[in-house]
2 protein chains.
Amino acid sequence: MTEFELIPRYFKQSFPTHPSVVLGLGDDAALCTVPPGMQLAIAIDTLVAGVHFPHHTAPEDIGYKALAVNLSDMAAMGAIPSWFTLALTCPQIDENWLAKFSQGLLKLAAATPVSLIGGDTTAGPLTVTIQIAGLLPANSALQRRGAQPGDAIYVTGYLGDAGLGLASVQGKLTLSPAATQYVETRLNRPTPRLLEGQALRNIATSAIDISDGLAADLGHILVASEVGATLKLTQLPLSKVLREHLSPTAAWQLALSAGDDYELCFTVPSNRELELSKALPTGSYTKIGIIDQAVGLRCLDENGQAFFLKKGGYQHWSPNQDLDCNSWNRPTKAQGITPLEGMQSPKNNTP
Amino acid sequence: MTEFELIPRYFKQSFPTHPSVVLGLGDDAALCTVPPGMQLAIAIDTLVAGVHFPHHTAPEDIGYKALAVNLSDMAAMGAIPSWFTLALTCPQIDENWLAKFSQGLLKLAAATPVSLIGGDTTAGPLTVTIQIAGLLPANSALQRRGAQPGDAIYVTGYLGDAGLGLASVQGKLTLSPAATQYVETRLNRPTPRLLEGQALRNIATSAIDISDGLAADLGHILVASEVGATLKLTQLPLSKVLREHLSPTAAWQLALSAGDDYELCFTVPSNRELELSKALPTGSYTKIGIIDQAVGLRCLDENGQAFFLKKGGYQHWSPNQDLDCNSWNRPTKAQGITPLEGMQSPKNNTP
């Protein structure tokens, strides 16, 4: 099979067609329209084998996740996904692998729905890049800037599950079959919070999706908004599985610093909390802290003492990427804890 | 330096801002508008080190070319480039490399002009994916389908230079310094034919850019339009450098089958040839053949005899990718010549 036949064979069929798509796959470019009064939100994300997912990850999961992480960016802007393009680099033509990859991709694309309008397939180490576009009414997008002192900080869903899922697929801990399935699904098939993002358009003052860990991603809101924040770690939403398998300290560590949860973090002024309660189902979101005037991120434990992170979030090209299960329960300075930039001086670093 | 600082440091500054861009780099997604009555053309192309360019290619050239090949897709649609996103995967943070890569990218972006609105930087083997968007009046895009029997076939510029450039950078032949600079610039810094594509919008019945060799890319027009074509090889536009260094047969081989020229191939009905002559400068394009009813591509040599290609164009994952200089002058069946699909039976295979 040649390059030219790859895209039609595996990716052309069965994908939904968005009304904005005038010409889809098969020419030098696709053609799309944007309805009057609407804006386009555009994002791009790459997953590299061995960096963003283990090499042995199921191809269906790779296809699913590559789209999910991009849909999550649309959720963070409050946009309705419309179409995407796929740049797939793979070492060889493995028809079985490609069929499964496209199945995973199609499953989420059909459920969303979102159209595949263009693609490029090249030979090389396995890398999946998706660029996605979504529509939203002009001037209604959620952005990172906009958080104000006094705004409450919220997150959707649970935090830290994907981090536990990574530890599980890496064989670093053993969970029950049900718990394994739960955390690995959270890792491999994240749920982009699209409806939540759209519902927050006229309510939230800022929003971001949590791809690199709460501390790092909330940090982006703080920098863009030129504010600080205080989190109460006892309020972090933790799943039953996480609570059953980790100490509170270890669970907080994961929730704050492990990536791949793809929940939304957003801020809401106090005078819109009633609107928020009407816009999102009870239990689908949790208040975790407050925006402060003073820059920096302060994390308080159950005693109101500062809690220090081992790392600030996922960074490519950094050493010690792997979750270090051995130290989860004893994060001390001697093990390399570094305070987040702008964090208060430590009063007690052995929570 | 961390991932988060890469994009602002190297890619945020100095890029032109397109009026359609409401929010550029730095949030979960960019925000863009599309003027009323306009459509978006969207394309994506990936370059992989060792596949699409030799590993030792200058970083400025990689940056320049990654954008150029995408702009070429806009040219083939007749679109005016507006913005692009960049997904850059590189093995490590090499500040010198990144600075040069972004210089090459910026040079072409500023000259076009086109805005960088989003990006993702990841760790892994060097891979550059750009997704580009352009604007054009609704229902005016050039497409691959639309060629009619009797239409004349044209190409812009010269063909085969980039193929000779590849042979030069691979050390397979030695040229004069001036000739080396000419063909390697043609390989590394192709000129996207943007103005030509826009000028052809109401004139050409079909168009494509030549990325994989004339035979393969014209083949896409033929398949999409359900027609065939006959080319007169003596009419192929060949640069002085190509003519001086290769036999006619070898030059035709390169022009037909070597990729990376990024010229446009397009078809024009006879009743629009006058319009064409007013739309494009004389000498910037050449008539090379005619569209036929009978499917397949027929290439005729100086005696009107069928000429057979060694390969039909660049295909990833195929053996024998490299240019085989030794056989350029003697393409015989024994050396593995295969006729193009749908080509006439050979009457004489030693032209």
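Details of the structure are given in the entry above.
Only a predicted model underlies this, so the values are computations on that prediction, with no experimental measurement involved.

**Some details on the pattern of salt bridges**
Residues and elements named next belong to chain A. As enumerated under the stated definition, the model contains 16 salt bridges over all chains in all. Of the charged contacts, one joins Arg298 and Asp292 as a salt bridge, the two residues approaching to 3.0 Å between their closest N and O atoms. On the accessibility criterion, Arg298 (9% relative accessible area) is buried. Of the residues examined, Asp292 reaches a relative accessible area of 18% and is grouped as buried. Through salt bridges with shared partners, a single ionic network connects Asp161, Arg186, Arg193 and Glu263.

**A word on the interface of chain B and chain A**
Taken together, the contact pairs 65 residues of chain B with 66 residues of chain A. Taken together, both faces of the contact between chain B and chain A bury some 5100 Å²; the carbon and sulfur share is 60%. For the interface between chain B and chain A, the tally reads 0 salt bridges. Scanning the region where chain B abuts chain A turns up 9 residue pairs in polar contact (both at pLDDT 80 or more). When residues of the side of chain B that touches chain A are assigned to their parent elements, the largest contribution, 9 residues, is made by strand β3 (residues 38-48) of chain B. A class-by-class count of the residues in the side of chain B that touches chain A yields 34 nonpolar, 21 polar and 10 charged. Of the strand pairs in this sheet, strand β2 (residues 30-32) of chain A and β3 of chain B are connected by 3 bridges, and their pairing is antiparallel. Across the sheet, residue Ala30 of chain A finds its bridge partner in β3 of chain B, namely Ile42 of chain B.

**A few points about the relation of the copies chain B and chain A**
The transform that puts chain B on chain A rotates by 180° and translates by 0.0 Å along the axis, for an RMSD of 0.0 Å. The transformation just described matches what one would write down for a two-fold rotation axis. A shared interface surface links the copies, since 100% of the contact residues of chain B are contact residues in chain A too.

**Quick word on the sheet that holds strand β5 (residues 115-123) of chain B**
Reading across from one edge, β1(A)-β2(A)-β3(B)-β6(B)-β4(B)-β5(B) is the order of the 6 strands in this open sheet, with mixed pairing throughout. Only two strands of the sheet have a single neighbouring strand rather than two, namely β1 (21-23) of chain A together with β5 of chain B. The average angle at which neighbouring strand axes cross in this sheet is 20°, direction not considered. Pairing geometry for strand β4 (residues 80-90) of chain B and β5 of chain B, over 8 bridges, is parallel. Each bridged residue has a counterpart across the sheet, and for Ala87 of chain B the counterpart in β5 of chain B is Asp120 of chain B. On the sheet, helix α3 (residues 95-111) of chain B packs against β4 and β6 (127-137) of chain B and is oriented at approximately 165° with respect to β4 of chain B.

Conventions adopted
- Residues numbered from 1 in each chain as written.
- Chains lettered and ligands numbered in written order.
- Predicted model: local features only at pLDDT ≥ 70, side-chain atom pairs only at ≥ 80, totals over all residues.
- Heavy atoms only, no water.
- Salt bridge = Lys/Arg side-chain N within 4 Å of Asp/Glu carboxyl O.
- Buried < 20%, exposed > 50% of the residue type's maximum accessible area, 1.4 Å probe, protein only.
- Contact = heavy atoms within 4.5 Å.
- Buried area = accessible area lost by both parts, 1.4 Å probe.
- Polar contact = N/O pair within 3.5 Å; in protein donor to acceptor, adjacent residues only side chain to side chain.
- Helix = DSSP H or I, 4+ residues; strand = E, 2+ residues; numbered from the N terminus.
- Nonpolar A, V, L, I, M, F, W, Y, C, P; charged D, E, K, R; others polar.
- Pairing = 2+ DSSP bridges.
- Least-squares fit on C-alpha atoms with pLDDT ≥ 70 in both.
- Axes fitted to C-alpha atoms, helices over the stretch in contact; angles between N-to-C directions.

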